[in-house]
Amino acid sequence: SLIKENHKNAAIYHKLGEIYQQIQLPLLARDNYLKAVELIPDEDIAGIAEVQADLGQIYRTLGQKKEAVYWLTLAYNQYQQLGEQQRQTEIKQLVEQISQSTL
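Residues numbered from 1 in each chain as written. Predicted model: local features only at pLDDT ≥ 70, side-chain atom pairs only at ≥ 80, totals over all residues. Heavy atoms only, no water.

Undergrad: Can you help me understand the packing of aromatic side chains in this one?
TA: The way to describe two aromatic rings as a pair is by their centre distance and the angle between their planes. Going through the model one piece at a time under the given rule, you end up with one aromatic pair. An angle of 80 degrees between the planes, with centres 5.2 Å apart, marks the rings of tyrosine 70 and tryptophan 71 as edge-to-face. By relative accessible area, tyrosine 70 is classed as partly exposed at 47%. In this structure, lysine 35 is placed above the aromatic ring of tyrosine 13, and the distance from its NZ or CZ to the ring centre is 5.9 Å. (Phe/Tyr/Trp six-rings, centres within 6.5 Å; stacked < 30°, edge-to-face > 60°. Buried < 20%, exposed > 50% of the residue type's maximum accessible area, 1.4 Å probe, protein only. Lys NZ or Arg CZ within 6 Å of the ring centre and 35° of its normal.)

Undergrad: What is the right way to look at the side chain of glutamine 78 in this model?
TA: When you line up the elements, glutamine 78 lands in helix α4 (residues 65-82). The contact partners of glutamine 78, leaving out residues within four places of it in the chain, are Ile45, Ile48, Ala49 and Gln52. (Helix = DSSP H or I, 4+ residues; strand = E, 2+ residues; numbered from the N terminus. Contact = heavy atoms within 4.5 Å.)

Undergrad: What is the right way to read unusual backbone geometry from this model?
TA: Keep in mind that most residues, glycine aside, have a negative phi and that most peptide bonds are trans. One non-glycine residue with positive phi stands out, namely glutamine 24, at about 60 degrees. Relative to the elements of secondary structure, glutamine 24 occurs in the loop between α1 (10-22) and α2 (26-39).

Undergrad: Explain the environment of leucine 74 to me, please; I cannot follow it from the model alone.
TA: Here leucine 74 lies in helix α4. The partly exposed category is assigned to leucine 74, whose relative accessible area is 25%. Between the C-alpha atoms of leucine 74 and arginine 87, which are 13 residues apart in sequence, the distance is 12 Å.

Undergrad: Looking at this structure, how should I read a nonpolar patch on the surface?
TA: A cluster of nonpolar residues, Ile19, Ile23, Leu25 and Leu28, forms a patch on the protein surface that exposes about 330 Å² of accessible area. Tracing the backbone through its elements, the reader meets leucine 25 in the loop between α1 and α2. (Patch = residues over 30% accessible without salt bridge, like charges linked within 9 Å, V, L, I, M, F, W, Y side chains within 5 Å. Areas by Shrake-Rupley, 256 points an atom, 1.4 Å probe, with all protein chains shown as cover. Salt bridge = Lys/Arg side-chain N within 4 Å of Asp/Glu carboxyl O.)

Below is the structure:
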């Protein structure tokens, strides 16, 4: 009902994206993550980074390397701004795996 009422809450769309990702419906996950990233306030850098990383994973699942690397790179930059070294390392490794794969 919240979606039908067109609520502007990024957390709702992010959670829906996660659910669709878990039940292996990547196109629906992607659509909800894209909506979430539109609605997240600019000052919520951690939230933006998380959704961008999720989008990177979804595009990887869909076999769209260019888009996956694009979103993961955005997430990497956000995590760098936050000083989250562990997440930066994880994202960097993921980008390297995607770049080396033959999807």
